[in-house]
Amino acid sequence: MGSTDIFKKPFDDGTKTKLEIYKNYLKEWLPVFLAKKEIIWKNIQIFDFCAGQGKDVEGTLGSPLITLQELNNWSENILRNKLAVKVILNEPEINLFDFLKPLVSEFTKPEIYNTDLFNEDFQIVFNRYYDSMQNSANLLFIDQSGVKLITNEVFNKIISLKQTDFLFFISSSFIKRFGDSEEFTKYLKLNKTDIENISYYHIHKAVLEYYRSLIPITKEYYLAPFSIKKGSNIYGLIFGTNHTLGMEKFLSVCWRIDKQRGEANFDIDKENIIPERPTLFDDYNIPNKRQLFEKELKENILNKKLQSDIDIYLFTLNSGFLFKDTNKVLSDLKNKIQFDFKLITSNIHKIRSPSPIKIK
């Protein structure tokens, strides 16, 4: 996804999947801050640090123009609520920047929000705006980055912000091939043995776990992956948020794309499950990921490791599943457990206090 050549031909399916995820999450993210009756954040910033050329040869919009187009749909809300909205676009490659610049002018509504456009290194722009991020709601989109941009220092700075969601991409294929080179070990502390023992299809899950290990134990923060196959290469998207609502919305976007596992645009576990043509044996029609989740959830409830509704719903989010999946397990256990709370499908943050689960 880091090649200038992608703009000389139509976006491939992998790039379209990436843009679909970004667009659909942006659709979920914007109303949280622009459509609420009670506005919490008056300052809102959207960052696209590797913005690209803006669109492909067929006119399909890239991430910066998707951002502006979606934001334009909320013009009335921005004005009515007197919100200070800013879009920060950065494209490090000058030839792409020159193509993007007039398109940004065409799409931007300067009377509604501000747009800042740069042709600089990521770190320069990130540092320039970091102080402002601490007093605003932020969405960070970091494409074409490998792992060299999201260093330990940058990651820790991002997760320390009050209201910031991010999406960034890594090349799982290149990490698998060159993971022991200085280029990668300089930024990502995974050793060669770790990488060699991981399936080519699952390498970016190890990267996710590495970043997860950087989160302080006392800090509430959520990460989720999505894998995208582009030709012979695999790219890993990593999403991060400090709020359960952000995690709910991102997982919903992923499950709409991958109805089997919610984590890839291909058969990541190579299970060859075809929903339209189920086998005669039910177990072969259910992905191992779901079977494992349901098994672990049941065991953790019955072993009293998860003792309340909040416990089990947080376990669900961290496992990459939706609340409807948890509700199915609770229904299956109705003869073994007792609880007084209502089953939910969203908005875990609205639960004011935990409700206990009792073993019969």
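The notes below deal with the structure included here. Values in this document were obtained by computation on a predicted structure and should not be read as measured data.

A word on the pattern of salt bridges. Scanning all chains against the criterion turns up 14 salt bridges. Between Glu120 and Arg128 there is a salt bridge; the shortest N-O distance is 2.8 Å. Looking at Glu120, the relative accessible area reads 24%, which means it is partly exposed. A residue is classified by how much of its surface remains accessible, and Arg128, at 41% relative accessible area, is partly exposed.

Here we take up the packing of helix α1 (residues 13-34) against helix α11 (residues 244-257). Packing of α1 against α11 leaves a shortest axis separation of 10 Å and a crossing angle of 145°. Relative to α11, α1 is oriented so that their crossing is right-handed. Contact with α1, carried on its side by Thr17, Glu20, Ile21, Asn24, Tyr25, Glu28 and Val32, involves Leu245, Gly246, Lys249, Phe250, Val253, Arg256 and Ile257 of α11 and no other residues of that element. Of the residues assigned to the contact of α1 with α11, the class counts are seven nonpolar, three polar and four charged.

All told, the structure shown has 24 aromatic pairs when counted by the stated rule. Seen from their ring centres, Phe47 and Tyr129 are 5.7 Å apart, and the 75° between their planes marks the pair as edge-to-face. Here Phe47, found in strand β1 (residues 43-48), pairs with Tyr129, found in helix α5 (residues 122-133); they are 82 residues apart in sequence, far enough to count as distant. In this structure Phe47 comes out as buried when scored by relative accessible area, which is 0%. Geometrically, the ring pair formed by Phe126 and Tyr130 is tilted, given 5.6 Å between the ring centres and 40° between the ring planes. Of this pair, Phe126 and Tyr130 both sit in helix α5, four residues apart, which is roughly one turn of the helix. The pair formed by Phe126 and Tyr130 is uniform in burial state, with each residue classed as buried. By the ring-pair criterion, three or more aromatic residues cluster together here, those being Phe47, Phe49, Phe118, Phe122, Phe126, Tyr129 and Tyr130. Sitting above the plane of the Phe118 ring, Arg128 keeps its charged end 4.8 Å from the centroid. Note that Lys157 overlies the ring of Tyr130, its terminal NZ or CZ placed 5.4 Å from the centroid.

Phi at Lys82 takes a positive value of approximately 55°, unusual for a residue other than glycine. With respect to the helices, strands and loops of the structure, Lys82 is situated in the loop between α3 (75-80) and β2 (84-90). You will see that Lys304, though not glycine, has its phi angle at about 65°, which is positive. Relative to the elements of secondary structure, Lys304 occurs in the loop between α12 (288-302) and α13 (309-318).

Rules behind the numbers
- Residues numbered from 1 in each chain as written.
- Predicted model: local features only at pLDDT ≥ 70, side-chain atom pairs only at ≥ 80, totals over all residues.
- Heavy atoms only, no water.
- Salt bridge = Lys/Arg side-chain N within 4 Å of Asp/Glu carboxyl O.
- Buried < 20%, exposed > 50% of the residue type's maximum accessible area, 1.4 Å probe, protein only.
- Axes fitted to C-alpha atoms, helices over the stretch in contact; angles between N-to-C directions.
- Helix = DSSP H or I, 4+ residues; strand = E, 2+ residues; numbered from the N terminus.
- Left-handed = near helix turned anticlockwise from the far one by under 90°.
- Contact = heavy atoms within 4.5 Å.
- Nonpolar A, V, L, I, M, F, W, Y, C, P; charged D, E, K, R; others polar.
- Phe/Tyr/Trp six-rings, centres within 6.5 Å; stacked < 30°, edge-to-face > 60°.
- Lys NZ or Arg CZ within 6 Å of the ring centre and 35° of its normal.

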